[in-house]
Amino acid sequence: MTRARIALALLALSAIAAQRAPTAVSLVVIGKTVITENDSHQRFSPGAVAINGNAIVAVDTPSAIAEKYRAADTIDVPNDVVLPGLINTHTHAPMVMYRGLADDLALMDWLTKYIFPAEAKTVSPDMVRIGTRLAALEMIESGTTTYTDMYYFEEEIAKTTREAGLRGVLGNTIIQFPAPDARTPKDGLARTEAFIKAFKDDPLITPAVAPHALYTNDRSTLVASVELARRYHVPVIIHLAETEDELKDAQVKYGVTPTAYLESIGFWGPMTIAAHGVWVNDEDIGILKRRGVGISHNPESNMKLASGAAPVVQYLAAGVALGLGTDGAASNNDLDMFEAMRQASFLAKHVTHDPRTLPASTALDLATIGGARVLGMERQIGSLEPGKRADLITVSMSAARQTPAYDPVSHLVYVTRGDDVRTTVVNGKILMRDRVVKTLNAAAVIGDANALAEKVRQAVRQ
Ligand SMILES: [Zn+2]
């Protein structure tokens, strides 16, 4: 062999070696099973997810991942199921401060005697910050990685969410009567515009416009709200047809259903997230499908406040984007999305008298990729696929009540509780590892909330 040929051969060998050298990535998560929630519902048992920076690079068997990638950090949890982070499509985070303040009351008594007075006396930037921190701690601990919010002083919620490392679609509330952060709807709209400008390009926060509901806003405020959202290409969040009274009032006032009235004023669009959608008829469902509206189904809140049961079977049959929410903790009373999955499935079976309705796999779809579709974020989150943002959780499957484990999806929906979550990762960052939350000081968060609760207690006593 000539010297030139030897050099060539060596070059070829080093090229092959370079090809085989593992690629450096920031994190690999290895578990008993990886549930991808991709289009073909692919699973790997055992499985591993390679993450670099904020993105998923690969999902495969642990040996295939080990061959191709060298990780700076590895989470190896051989008894855990790895799945996409859960997506809560409707809540009011700071309302955790009113958790258990008053229960088992008729909706109007509950609102007018407890929630409204407590809010009037205690909602402030400080309260919102302390409440959101508590909510964020609970969400990280129970496997929620993205949540949708509607409250007051939303900029405080956004800052706190970012500090906690969660992803949020956060809507500043617009309401006809004086609110804690705005005297008039015009003030509310101006605050919202400033809020959108401040958070428009944030990697974790999607700012939104949140006209509270049809029954709490007049036509011009509703129209101004959607115009503002369209100008900045941000989502709109609204409560829709939550109670039978809301339906009846709309019929008396406008002669049509809430959904049809909002259609008549050009309110609906593909970036709208409507919470509840309980009292809708077939024509309403047709409108929501045609306009690409996402529906947030809140089974626990709807049951606790006796609001009714949303027609989830009809929504799914019509192809409406459907996700799950907890609603605020004053009406739930927690932010545990595993319970939301379980209750969504039970409620659907109960009202249809058919145990085949809303099986476990569908409940899991709703809490992951379904929620992503509701938020218009299905290309970024909701499943574990290369190129998507690295939002995932691991769930321990070794408790007595999870034994034996024949089917991880059955256990995730029918057995698992939020405190079985062991790892929470958002945007490639580890927010909780082995049940220890890294981005919040849990003891301080709970201490601050308990101190503030004294003020809330005083407020409802007076
Ligand atoms: Zn709500």
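Our subject in this report is the structure included herewith. Because the structure is a prediction, the values reported are computed rather than measured.

Before going further, it helps to spend a moment on the pattern of salt bridges. All chains considered together, the criterion is met by 23 salt bridges. Linking Glu385 and Lys388 is a salt bridge whose minimum nitrogen-to-oxygen distance equals 3.8 Å. For Arg417, the salt bridge identified is with Asp419, shortest N-O distance 3.7 Å. Accessibility expressed as a relative area gives 40% for Arg417, which makes it partly exposed. When salt bridges that share partners are traced, they join Asp126, Arg129, Glu156 and Lys159 into one network.

Another aspect to go through is the environment of Pro185. Along the chain, Pro185 falls in helix 6 (residues 185-199). Residue classification places Pro185 among the buried positions, given a relative accessible area of 12%. Residues Pro185 and Thr173, 12 residues apart in the sequence, show an inter-C-alpha distance of 9.3 Å. Not counting residues up to four positions away in its chain, the partners in contact with Pro185 are Ile174, Ile175, Gln176 and Thr221.

What follows is about the nonpolar core. Residues Tyr98 and Trp268 are the most contacted members of the largest nonpolar core, which totals 106 residues. The biggest single contributor to this core is helix 4 (residues 125-141), with nine residues. In contact with Trp268, not counting residues within four places along its chain, are Arg230, Ile238, Leu240, Thr259, Leu262, Glu263, Ala274, Ile287, Leu288, Arg291 and Val293. Judged by nonpolar contacts, the second largest core, of 16 residues, contains Val59, Val77, Leu384 and Ile430.

A separate point is the layout of surface pockets. Taken as a whole, the largest pocket encloses approximately 870 Å³ of empty space. Leu107, Leu111, Phe116, His212 and Tyr215 are the residues nearest the centre of the largest pocket, which is lined by 38 residues in total. For the lining of the largest pocket, the elements supplying multiple residues, two or more each, are helix 3 (107-122), strand 7 (144-151) and helix 8 (244-254). When residues of the lining of the largest pocket are assigned to their parent elements, the largest contribution, eight residues, is made by helix 3. Grouping the constituent residues of the lining of the largest pocket by class yields 21 nonpolar, 10 polar and seven charged.

To continue, consider the packing of aromatic side chains. Throughout the structure, instances matching the rule amount to five aromatic pairs. Their ring planes at 55° and their centres at 5.0 Å tell us that Tyr151 and Tyr152 sit as a pair that is tilted. What makes Tyr151 buried here is its relative accessible area of 3%. Judged by centre distance (5.4 Å) and plane angle (85°), the rings of Phe267 and Trp268 are edge-to-face.

The subject of this paragraph is helix 16 (residues 442-461). With 20 residues, helix 16 ought to run about 28 Å at 1.5 Å a step, and its terminal C-alpha atoms sit 29 Å apart, in line with that. Next to the buried residues of helix 16 lie helix 3 and helix 4.

Procedures and definitions
Residues numbered from 1 in each chain as written. Predicted model: local features only at pLDDT ≥ 70, side-chain atom pairs only at ≥ 80, totals over all residues. Heavy atoms only, no water. Salt bridge = Lys/Arg side-chain N within 4 Å of Asp/Glu carboxyl O. Buried < 20%, exposed > 50% of the residue type's maximum accessible area, 1.4 Å probe, protein only. Helix = DSSP H or I, 4+ residues; strand = E, 2+ residues; numbered from the N terminus. Contact = heavy atoms within 4.5 Å. Core = buried A, V, L, I, M, F, W, Y, C linked by side-chain atoms within 4.5 Å. 1 Å grid on protein atoms, 1.4 Å probe; cavity = no way out; pocket = protein on both sides within 12 Å on 5 of 7 lines; lining within 4 Å. Points joined across faces, edges and corners; volume = space filled by probe spheres on them. Nonpolar A, V, L, I, M, F, W, Y, C, P; charged D, E, K, R; others polar. Phe/Tyr/Trp six-rings, centres within 6.5 Å; stacked < 30°, edge-to-face > 60°. Expected span 1.5 Å × (residues − 1).

This is a description of form; function is not addressed.
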